[in-house]
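Understanding the architecture of this molecule
Residues per chain, in single letters:
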Amino acid sequence: MSTIYLDNNATTRIAPEVLEEMMPYLTDLYGNPSSMHTFGGQLHRKVEQARGKVASLLGAEPEEIIFTSCGTESDNAAIMSAVESHSRKKHVITTRVEHPAVLNFCKHLARKGYRVTFVPVNHLGQLDLDFLFKSADDDTAVVSIMFANNETGVIFPVAEIAERLKERDILFHTDAVQAAGKLSIDLKSLPVDMISISGHKLHAPKGIGVLYVRKGTRFSPFVIGGHQERGRRAGTENVASIIGLGKACELADKFLHEEATYLKTLSDRLETALLSCCPDTRINGDVENRLPNTTNISFEYVEGEAILLRLNEFGICASSGSACTSGSLEPSHVLRAMGIPYTAVHGSIRFSLSRFTTNQEIDTVIQVMPGIIKELRELSPFGREKFFCPPD
Ligand code: PLP
């Protein structure tokens, strides 16, 4: 049975071109770019070329790019740097729907005595901008708001937020882990101070991330040690993965618009078909402002985990909530923050597509899904009343 992989917001397949580019650096060219000898030293140039490609995808300068180990590290490093370099400021603003990489780091800061504001969203997952701007004050060290949500794909108005925070001289970090490579990001015209991205979400390997820090922004390193990354992130460079990420960014840059159109066509078709052939379904999130590859659908009166298990029998990989929280039966904090009723939250499934998703794969999902939902609803001894629903 072949795998139909529709869980690309969790991780993506390494593109063959990326792997090809990396192979020499995983085998024969294993030197350390900091070495004085040519064998190692020659890798320095390759790392810098990759930095240039990453910068180009973001409209940044190469020296503004810091390689890290993952999106989580980039998020932690950005927020930590902001609070450390503005040590008199004790307030941090984020949202209720961030990935745990930001959310839990901010909760950690709250336990350390920082005042943390979690900006709410409405039923479509749109941010309460008034609340955000009213919360910001002279004590605010940083605002960290994601570019696009990993569970619903909802895109936040990062440009507007960045402009308004810049007017007030407040530092702004955005977690663009899900946006990079899917949406156009031009930091020449977008006044964000720091951005996080992660290789494995855009067809590069796992274990490589990027933190963009705008020139002139005060930066305090998170990982301290050697002089690598101009003293901003110590540790011997993950050379092969950096080179792979450079290639992945080059590909994303080249095919961004074409790919976005392809992904939107596929996910619209999937969504329309599932809504029409499965009763009691709803889309979660603002359909006008979404990543082109993501659809989050609630199949009411069914457990999301049961759907995933049945899909798995057909080789179909999807996700309920974020991968980091699946495994627990805690309802998605994102959907709960949107005020989605429990019955819908529990039956929510995220399909996230990639350039490798085919029309035939979408056809298969459309074919099997109505049967799965019907069967699971019939199996339920309590029918539509089976859920214990705590008051909203
Ligand atoms: N931020 C967002 C929005 C994500 O979706 C993820 C991963 O799912 C992360 C951060 C964490 O990235 P990484 O897995 O590279 O640590």
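Anyway, here's the lowdown on the structure attached to this text. All values derive from a computational prediction rather than experimental measurement.

Attention now goes to the overall build of the protein. Each helix and strand counted, the protein has 11 helices and 12 strands in total. A compact globule built from 392 residues would reach a C-alpha radius of gyration of about 21 Å, and the protein, at 22 Å, matches this within 12%. Overall size of the protein, expressed as C-alpha extent along the three principal axes, is 70 × 50 × 35 Å. A separation of at least 24 residues holds for 74% of the contacts in the protein among residues at least 6 apart in sequence. If the 41 positive side-chain charges of the protein are averaged to one point and the 48 negative ones to another, these points end up 3 Å apart.

A few words on the sheet that holds strand E4 (residues 115-119). Strand pairing in a sheet relies on backbone hydrogen bonds. The paired strands run either parallel or antiparallel. Across the sheet, which stays open at both edges, the 7 strands sit in the order E2-E8-E7-E6-E5-E3-E4 with mixed pairing between neighbours. The open sheet is flanked by strand E2 (65-68) and E4, the only strands paired with a single partner. Adjacent strand axes in the sheet meet at a mean angle of 20 degrees, parallel and antiparallel pairs treated alike. Bridge count for strand E5 (residues 140-144) against strand E6 (residues 172-175) is 2 bridges, and the pairing is parallel. Following the sheet pairing, Ser144 is matched in E6 by His173. On top of the sheet, helix H2 (residues 38-58) reaches E2, strand E7 (194-198) and strand E8 (209-213); it is set at about 115 degrees to E2, its chief contact. Sheet strands in contact with helix H3 (residues 71-85) are E2, strand E3 (91-95), E5, E6, E7 and E8, and its direction is about 165 degrees off that of E7.

Turning next to the pattern of salt bridges. Opposite charge on two side chains permits pairing when their charged atoms draw close. The tally for this structure, following the rule as stated, stands at 19 salt bridges. Note that Arg355 is salt-bridged to Glu259, the shortest N-O span being 2.9 Å. Remark: Glu259 occurs in helix H7 (residues 239-277) and Arg355 occurs in the loop between strand E12 (348-352) and helix H11 (359-379); sequence separation between them is 96 residues. For Glu259, a relative accessible area of 13% gives the class buried. One salt bridge in this structure joins Lys374 and Glu378, with 3.2 Å as the shortest N-O distance.

This brings us to the site of the ligand. In the vicinity of the ligand there are 13 residues, among which Thr72, Asp175, Gln178, Ser198 and Lys201 approach most closely. Asp175 places a side-chain nitrogen or oxygen 2.6 Å from a nitrogen atom of the ligand. At 2.8 Å, a side-chain N or O of Gln178 approaches an oxygen atom of the ligand. Looking at the shell around the ligand, the element that brings in the most residues is H3, giving 3 residues. By residue class, the composition of the shell around the ligand is 3 nonpolar, 7 polar and 3 charged.

Reading across from one edge, E9-E10-E12 is the order of the 3 strands in this open sheet, with antiparallel pairing throughout. Sheet topology places strand E9 (281-283) and E12 at the edges, where each strand pairs with a single neighbour. In this sheet, adjacent strand axes meet at a mean angle of 25 degrees when their direction is disregarded. Where E9 meets strand E10 (residues 294-299), 3 bridges bridge the pair, whose relative direction is antiparallel. Looking at the pairing, Thr281 lines up with Phe299 of E10.

Let us look at the packing of H7 against H11. For the pair H7 and H11, the least separation of the axes is 10 Å and the interaxial angle reads 15 degrees. Between H7 and H11, the angle falls in the class roughly parallel. Where H7 crosses over H11, the two elements pack in a sense that is right-handed. Contacts between H7 and H11 involve Tyr262, Leu266, Arg269, Leu270, Ala273, Leu274 and Cys277 from the first element and Asn359, Ile362, Asp363, Val365, Ile366, Met369 and Pro370 from the second.

Quick look at the packing of H2 against H7 now. Working note: a packed helix pair is described by the angle between its axes plus the distance between those axes. It is the contact of H2 with H7, at a shortest axis distance of 8 Å, that shows an interaxial angle of 35 degrees. The interaxial crossing formed by H2 with H7 has left-handed handedness. Together, Leu43, Lys46, Val47, Ala50, Lys53, Val54, Ser56 and Leu57 of H2 and Val239, Ile242, Ile243, Leu245, Gly246, Lys247, Cys249, Glu250, Ala252 and Asp253 of H7 make up the contact between the two elements. Per-class residue counts for the contact of H2 with H7 are 11 nonpolar, 2 polar and 5 charged.

Here is what the cut-offs are and how they apply
Residues numbered from 1 in each chain as written. Predicted model: local features only at pLDDT ≥ 70, side-chain atom pairs only at ≥ 80, totals over all residues. Heavy atoms only, no water. Helix = DSSP H or I, 4+ residues; strand = E, 2+ residues; numbered from the N terminus. Rg over C-alpha atoms; globule rule 2.2 N^0.38 Å. Contact = heavy atoms within 4.5 Å. Lys, Arg positive; Asp, Glu negative; His and termini not counted. Charge placed at Lys NZ, Arg CZ, Asp CG, Glu CD. Pairing = 2+ DSSP bridges. Axes fitted to C-alpha atoms, helices over the stretch in contact; angles between N-to-C directions. Salt bridge = Lys/Arg side-chain N within 4 Å of Asp/Glu carboxyl O. Buried < 20%, exposed > 50% of the residue type's maximum accessible area, 1.4 Å probe, protein only. Near = heavy atom within 4 Å. Polar contact = N/O pair within 3.5 Å; in protein donor to acceptor, adjacent residues only side chain to side chain. Nonpolar A, V, L, I, M, F, W, Y, C, P; charged D, E, K, R; others polar. Parallel < 35°, antiparallel > 145°, perpendicular 65-115°, else oblique. Left-handed = near helix turned anticlockwise from the far one by under 90°.

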